[in-house]
Amino acid sequence: WDNADFSRGVGTTFYQEFPTINTAKPPFVRDVEAKVRQYLRSSYSAAWTLKITWEKAPAYAARTDTRRTITYQAVLTTDGFRSYVLMLYQEGGMRWDYTRLAATNVLIGYT
């Protein structure tokens, strides 16, 4: 997550919380649980999930280029003991021009 710059009125950030203790789980949460089970090969039942979407986010500094935007999501989820994050990018990956970013050691994901 580099410095997205929404100062030019381009792009939007949305979030949605899914508390699921003692409630029916919506399809989105069931899908997140299935992904955690698939990738980690462990049982998992979400107690809480948060989906954050950055839509058409331009890279900092937006004053130089608002045409190359990216839509991506972070999904945070926990069962109360273990916590996970799923990082989802639009098809085609990161479309920001990394040669124009302040940092030159750019990665998609985290370390």
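This structure is a prediction, so every number in the text was calculated from the model and none was measured.

Along its 14 residues, helix 1 (residues 27-40) runs 20 Å from first to last C-alpha, staying within 8% of the 20 Å computed at 1.5 Å per residue. By the burial criterion, the buried members of helix 1 are Val29, Val32, Glu33 and Val36. Down the axis of helix 1, the buried set is contained in an arc of 100°. They therefore lie on one face. With respect to the buried face of helix 1, the exposed residues turned more than 90 degrees away are Pro27, Gln38 and Tyr39. At its buried positions, helix 1 is contacted by strand 1 (12-19), strand 2 (48-58), strand 3 (69-78) and strand 4 (83-89). Just downstream of helix 1, arginine 41 is the residue with a positive phi angle, here 50°.

This part is about the nonpolar core. Core analysis: the biggest nonpolar cluster contains nine residues, these being Leu50, Ile52, Trp54, Ala57, Ala59, Ile70, Tyr72, Ala74 and Trp96. When contributions to this core are tallied by element, the ones reaching two or more residues are strand 2 and strand 3. For this core, the element with the most residues is strand 2, which contributes four residues. Apart from residues lying up to four places away in sequence, alanine 57 is in contact with Ala4, Phe6, Arg68, Thr69, Ile70, Tyr72 and Trp96.

With that settled, consider the confidence of the model for the chain. Mean pLDDT for the chain: 83, with 79% of residues reaching 70 or above. Mean pLDDT per element in the chain: strand 4 is the minimum at 90, and helix 1 is the maximum at 94.

Its location among the elements puts methionine 94 in the segment after strand 4. Considered as a pair, methionine 94 and tyrosine 72 are 22 residues apart in the sequence and their alpha carbons are 8.6 Å apart.

In terms of burial, strand 3 is a largely internal element, eight of the 10 residues being buried. Strand direction decides the pairing type here: strand 2 and strand 3, joined by nine bridges, are antiparallel. When the bridges of strand 3 are listed, lysine 51 appears paired with valine 75. Here seven bridges tie strand 3 to strand 4, and the two strands are oriented antiparallel to one another.

Judged by pairing direction, the sheet is antiparallel, and its four strands sit side by side in the order 1-2-3-4 without closing on themselves. Looking at which strands have only one partner, the edges of the open sheet turn out to be strand 1 and strand 4. Across the sheet, the mean angle from the axis of one strand to that of its neighbour is 10°, orientation sign disregarded. As judged from the eight bridges shared by strand 1 and strand 2, these two strands associate in the antiparallel manner. Looking at the pairing, glutamine 16 lines up with lysine 51 of strand 2.

The rules we used
Residues numbered from 1 in each chain as written. Predicted model: local features only at pLDDT ≥ 70, side-chain atom pairs only at ≥ 80, totals over all residues. Heavy atoms only, no water. Helix = DSSP H or I, 4+ residues; strand = E, 2+ residues; numbered from the N terminus. Expected span 1.5 Å × (residues − 1). Buried < 20%, exposed > 50% of the residue type's maximum accessible area, 1.4 Å probe, protein only. Arc of directions from axis to C-beta. Contact = heavy atoms within 4.5 Å. Core = buried A, V, L, I, M, F, W, Y, C linked by side-chain atoms within 4.5 Å. pLDDT = per-residue confidence, 0-100. Pairing = 2+ DSSP bridges. Axes fitted to C-alpha atoms, helices over the stretch in contact; angles between N-to-C directions.

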